[in-house]
Amino acid sequence: MTSTETDFLSGVRGSVLHRGDEGLPGEVAGFQAADPHRPDVVVGALDADDVVAAVRHAAAHDLPVAVTATGHGHTSGLARGVVVTTGRMRGVRVDPASRTARVEAGARSADLVAAAAEHGLAPVSGSFPGVGVVGYTLGGGLGLLGREFGWASDRLRAVEIVTADGVLRRVGAGDELFAALRGGRPAVGVVTAMSVDLVPVGAVVGGGLFLDAADADEILPVVRRLGVGAPDSLSLSVGVIPIPDLEAVPAPIRGRTVLHVRLVDTDGAAARAAEAALRAASPVLLGGLRELPWTESGSIFAEPEVPHAYEGTNLLVSSLSDTALGAVVAAARSASVGCVVDVRRLGGALSRPADGADAVSFREAGWIVRVLSTTDGVPEAETRAAHTAVLAPLDDVRLGRMAGFVYGAAPVEADELYTPAVRSLLARVREAVDPRRMFAG
Ligand SMILES: Cc1cc2nc3c(=O)[nH]c(=O)nc-3n(C[C@H](O)[C@H](O)[C@H](O)COP(=O)(O)OP(=O)(O)OC[C@H]3O[C@@H](n4cnc5c(N)ncnc54)[C@H](O)[C@@H]3O)c2cc1C
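Source: prediction; values computed, not measured.

**Structural notes on the overall build of the protein**
Part 1 of the argument: Broken down by element type, the protein carries 14 helices and 18 strands.
Part 2 of the argument: A compact globule built from 441 residues should have a C-alpha radius of gyration of about 22 Å, and the protein, at 22 Å, falls within 12% of that.
Part 3 of the argument: The principal-axis extents of the C-alpha atoms in the protein amount to approximately 70 × 50 × 45 Å.
Part 4 of the argument: Burial analysis of the protein (441 residues in total) assigns 56% to the buried set.
Part 5 of the argument: Summed over all atoms, the accessible surface of the protein reaches about 17,400 Å², with 52% contributed by carbon and sulfur.
Part 6 of the argument: For the protein, the separation between the mean place of its 40 positive charges and that of its 52 negative charges on side chains is 3 Å.

The following block contains the structure:
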């Protein structure tokens, strides 16, 4: 250990692990199991001072820095340098009077949902309770109630961030760095906390209906029509999921490819009508709607919680025809690697401009179509070829891709992720805040 390292890292209250230390792989491990970080030093931060120390250490040694909370959005592993883990910083403080919450860097969606629910409030949270609030919001954050309340980053009020110079700043409206942090996921610092607006939602009508993908020709046009005609209170998506033939899986869906239609409605009537239309199109194998507290919103998508290696990409599209949707689903079902598809209706408040400058791109998109696969033991080229084939029917309506839903090492071009105006904003902010490109994006 050098004397400079001693200077910066000796006061860290959390943990400091070096290459070769037994605990290091476990400290950086997360939901995404592929290509883990293999850095020289890992700082398991307990507070903002620890983050400052880690960044100053990296700056002094000219080392790259990456940050990880839960590993859900982990892309490629850092082979050297410094990794800051934020999993110990999970504090959430709700102010019911202003309907805001201050959320520390490592808080998960479930932490914020639970704290807000004590006051009859909810964040604009996504499908999975285990995802980190900060990573989700920096990527825009497509919430289950997005059509009614907009992107999660639309409700971001302030960010506390340690920039490359090792200084802790608080930024808000009017600051270009803040605008970049609202959906641009700029790798220019370590966010230590953020303040977000909450919405007055206690309970919703929601749930998932499993239908047989063999009836896709009857079901998909109904899903598409319901999506196009949906009021803003209703969010709707459909997953195409090959269900494994395992004892632990409920018998009605075991070993089948299913269409999993998810409905969430703050009002209730539109979701109930949608459920009736779907039941008329094809028998429901499993599932249904119920009134549920927001604290149980994770049950709507019911995504698996086991860490694994996966890769995924997506397209934001202006519109979606029955023909294109059918072709996407058919391509996924006939792919040589297992492909899960997720098609979510956008529009509503997601298409309206944010209050103030921000970095969410392609707001005009009507739908997002995602494809993902587990990658253990599957050649990378085969997975990528399959994903390209699944999304090919959307070529003439594609606008771009959503960064938060590009998983693993899936290849992506910067001009696919952001509009030219947002790319200029991100470049200006990087030049101003991290001119040496310390932060790995
Ligand atoms: C099962 C599952 C469900 C999902 N559902 C949704 C959904 O409904 N809607 C949606 O929009 N997205 C969803 N996502 C995508 C998710 O929002 C992104 O993967 C997000 O980046 C995860 O953030 P994280 O902190 O949990 O992951 P991490 O892998 O820990 O972080 C991902 C990236 O976020 C950035 N980051 C995290 N913390 C900080 C910090 N403190 N400072 C600076 N940068 C930071 C870093 O660039 C980091 O590489 C889902 C992902 C999964 C795996």
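**Digging into the site of the ligand**
Part 1 of the argument: Neighbouring residues of the ligand: 31 residues in total, closest Ala69, Thr70, Gly132, Leu142 and Tyr407.
Part 2 of the argument: Ser127 places a main-chain nitrogen or oxygen 2.9 Å from an oxygen atom of the ligand.
Part 3 of the argument: Separating an oxygen atom of the ligand from a side-chain N or O atom of Arg185 is a distance of 3.2 Å.
Part 4 of the argument: Only strand S3 (65–68), helix H5 (133–138) and strand S9 (189–197) provide two or more residues apiece to the shell around the ligand.

**Re the domain arrangement of the protein**
Part 1 of the argument: The domains assigned to the protein are domain 1 (3–7 + 11–85), domain 2 (92–200) and domain 3 (203–417).
Part 2 of the argument: On a C-alpha basis, the centres of domain 1 and domain 2 stand 22 Å from each other.
Part 3 of the argument: Contact with domain 1, which involves 12 residues of that partner, is made by 14 residues of domain 2.
Part 4 of the argument: Interface area for domain 1 against domain 2, summed over the two sides, is near 1,000 Å², with a carbon-plus-sulfur share of 73%.
Part 5 of the argument: Of all residues in domain 1, the largest losses of buried area upon contact with domain 2 belong to Val55, Thr70 and His72, amounting jointly to 37% of the total for that side.
Part 6 of the argument: Broken down by element, the residue count for the side of domain 1 that touches domain 2 peaks at six residues, all from helix H3 (residues 48–60).
Part 7 of the argument: In the side of domain 1 that touches domain 2, the residues fall into nine nonpolar, two polar and one charged.

**Describing the packing of helix H8 (residues 216–229) against helix H11 (residues 322–334)**
Part 1 of the argument: Where H8 meets H11, the axes come as close as 10 Å, and the angle between the chain directions of the two elements is 130 degrees. Of the possible angle classes, the one that applies to H8 and H11 is oblique. In terms of crossing hand, the pair formed by H8 and H11 is right-handed. Counted together, Leu220, Pro221 and Arg224 of H8 and Asp322, Leu325, Gly326 and Val329 of H11 form the full contact between these two elements.
Part 2 of the argument: Each residue belonging to the contact of H8 with H11 can be placed in one class, and the counts come to four nonpolar, one polar and two charged.

**Notes on the pattern of salt bridges**
When the charged atoms of two side chains lie near each other, side chains of opposite charge can form a pair.
Part 1 of the argument: Per the counting criterion, the structure on display carries 28 salt bridges.
Part 2 of the argument: The closest approach of N and O atoms between Asp212 and Arg256, which form a salt bridge, is 2.6 Å. Here the residue Asp212 occupies a position in strand S10 (residues 203–212), and Arg256 occupies one in the loop between strand S11 (234–242) and strand S12 (257–265), the gap between them amounting to 44 residues.
Part 3 of the argument: Notably, a salt bridge pairs Glu380 with Arg384, separated by 3.2 Å at the nearest N-O pair. Pair noted here: Glu380 and Arg384 are both in helix H12 (residues 380–391), with a separation of four residues, about one helical turn.
Part 4 of the argument: Salt bridges here are not isolated pairs; linked through shared partners, they connect Arg262, Asp342, Arg344 and Arg370.

**Let's talk about the packing of aromatic side chains**
Part 1 of the argument: As enumerated under the stated definition, the model contains four aromatic pairs in all.
Part 2 of the argument: Here Phe31 and Phe128 contribute two aromatic rings whose centre-to-centre distance is 5.7 Å and whose plane-to-plane angle is 50 degrees, an arrangement assigned as tilted. A residue pair is termed long-range when its members are at least 10 positions apart, and Phe31 in the loop between helix H2 (24–28) and strand S2 (41–44) and Phe128 in the loop between helix H4 (109–117) and H5 qualify at 97 residues.
Part 3 of the argument: Here Phe128 falls in the buried class, since its relative accessible area comes to 11%.
Part 4 of the argument: Taken together, a centroid distance of 5.8 Å and an interplanar angle of 65 degrees make the contact between Phe31 and Tyr310 edge-to-face. You can see Phe31 sitting in the loop between H2 and S2 and its partner Tyr310 sitting in strand S15 (residues 310–317), a full 279 residues away along the chain.

Conventions and cut-offs
Residues numbered from 1 in each chain as written. Predicted model: local features only at pLDDT ≥ 70, side-chain atom pairs only at ≥ 80, totals over all residues. Heavy atoms only, no water. Helix = DSSP H or I, 4+ residues; strand = E, 2+ residues; numbered from the N terminus. Rg over C-alpha atoms; globule rule 2.2 N^0.38 Å. Buried < 20%, exposed > 50% of the residue type's maximum accessible area, 1.4 Å probe, protein only. Areas by Shrake-Rupley, 256 points an atom, 1.4 Å probe, with all protein chains shown as cover. Lys, Arg positive; Asp, Glu negative; His and termini not counted. Charge placed at Lys NZ, Arg CZ, Asp CG, Glu CD. Near = heavy atom within 4 Å. Polar contact = N/O pair within 3.5 Å; in protein donor to acceptor, adjacent residues only side chain to side chain. Domains from an automatic or database assignment. Contact = heavy atoms within 4.5 Å. Buried area = accessible area lost by both parts, 1.4 Å probe. Nonpolar A, V, L, I, M, F, W, Y, C, P; charged D, E, K, R; others polar. Axes fitted to C-alpha atoms, helices over the stretch in contact; angles between N-to-C directions. Parallel < 35°, antiparallel > 145°, perpendicular 65-115°, else oblique. Left-handed = near helix turned anticlockwise from the far one by under 90°. Salt bridge = Lys/Arg side-chain N within 4 Å of Asp/Glu carboxyl O. Phe/Tyr/Trp six-rings, centres within 6.5 Å; stacked < 30°, edge-to-face > 60°.

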